[in-house]
Amino acid sequence: MKRTIFSGLTLAAIMALLWALPVSGAIIASYDFAGGSGLSADTDALTTAGAYDPRSSAVGGDDSGISGSTFTAYMRAQNTPNTSNPATSNFYHTFKITVDTGFLNLTSISHDYGVTNPYTGFNFFDGVYTNLTGLTGTGDKLGGADLFNATGPTTNNIDLSGIPALQGLAAGQSVEFRIYFGDPSTSNDRIHRVDNLVVNGVTFIPEPTTLLIWSLLAGLGVGLGWLRRK
């Protein structure tokens, strides 16, 4: 049987090489609360980042909101329990990211967290959760901050790249992020504050030329199979 130039390669190997296309990293959502706005300053064309929602009416009027003077999202400590467990607390902020076109792999989320007038000798903390990884308990927490005897702010960087539920999100899918707050205080002088919130990810669309090459390779595989039979 006559051997061909392709005898040392398998069709599967060629396809795998072509499918490993370069993709572009992007800021998927970015909130700096400038001017007291909760709108995202992201520029990614394939996704939509919804407005940051401090849930003012659900938490208690001006006890939660976005400050036009400090340019932070805040929640007064008098409302928060001594836990960031989503199963037992309604005191959280939220925002949503929706994939419009193509696919999204989330890689990280970071934010600054601080407390105005904290108690000496007590902990103040927040916890980041998503609806795709669970909202049933602290075991679902992606990460967060724990401040002891400090006002902060401290920067929290949470790696999302190894979480399967946050990879391969397709057009029409959404992910909701929630930030829960906890502390031992009952004073409205003590305030949780969030700033410089950024979500990073990778968005991509398989190129039409790639799909064409796939088709051509499939045809080549059929042809090679016919030649081998001959």
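Residues numbered from 1 in each chain as written. Predicted model: local features only at pLDDT ≥ 70, side-chain atom pairs only at ≥ 80, totals over all residues. Heavy atoms only, no water.

### Side note on the packing of aromatic side chains
Applying the stated criterion to the full structure yields 10 aromatic pairs. An aromatic cluster is present here, built from Tyr31, Phe33, Tyr52, Phe95 and Phe177 joined pairwise through their rings. Here the guanidinium or amino end of Arg55 rests over the ring plane of Tyr92, the centre of that ring lying 3.7 Å away. (Phe/Tyr/Trp six-rings, centres within 6.5 Å; stacked < 30°, edge-to-face > 60°. Lys NZ or Arg CZ within 6 Å of the ring centre and 35° of its normal.)

### Some points on the nonpolar core
Grouped together as the largest cluster of nonpolar side chains are 34 residues, with contacts concentrated most on Tyr52, Phe95, Ile97, Leu106, Ile109 and Phe177. Listing elements by their share of this core, those giving two or more residues are strand E1 (24-31), strand E4 (73-76), strand E5 (92-99), strand E6 (103-116), strand E7 (123-130), strand E8 (143-148), strand E11 (174-182) and strand E12 (191-204). Broken down by element, the residue count for this core peaks at 5 residues, all from E6. Ignoring any residue separated from it by four or fewer positions in sequence, one finds Ile97 in contact with Ile28, Ala29, Thr47, Thr48, Ala49, Leu104, Gln173, Ser174, Val175, Phe177 and Val199. (Core = buried A, V, L, I, M, F, W, Y, C linked by side-chain atoms within 4.5 Å. Buried < 20%, exposed > 50% of the residue type's maximum accessible area, 1.4 Å probe, protein only. Helix = DSSP H or I, 4+ residues; strand = E, 2+ residues; numbered from the N terminus. Contact = heavy atoms within 4.5 Å.)

### A short note on the sheet that holds E5
Pairing in this open sheet of 5 strands is antiparallel, and the strands run E2-E5-E11-E7-E8 from one edge to the other. Taken across any chain shown, the strands that pair with only one partner, and hence form the sheet edges, are strand E2 (47-49) and E8. This sheet shows a mean twist of 15 degrees between the axes of neighbouring strands, independent of strand direction. The pairing of E5 with E11 spans 7 bridges and is classified as antiparallel. Following the sheet pairing, Phe95 is matched in E11 by Phe177. (Pairing = 2+ DSSP bridges. Axes fitted to C-alpha atoms, helices over the stretch in contact; angles between N-to-C directions.)

### Some words on the side chain of Thr80
Position of Thr80 among the secondary structure elements: in the loop between E4 and E5. Taking the relative accessible area as the measure of exposure, Thr80 reaches 5% and is therefore buried. A distance of 3.1 Å separates a polar side-chain atom of Thr80 from the backbone oxygen of Ala77. A distance of 3.4 Å separates the side chain of Thr80 from the side chain of His192, its partner in a polar contact. In this structure, Thr80 is in contact with Met75, Phe91, Phe181, Gly182, Asp183, Ser185 and His192, ignoring residues within four places of it in sequence. (Polar contact = N/O pair within 3.5 Å; in protein donor to acceptor, adjacent residues only side chain to side chain.)

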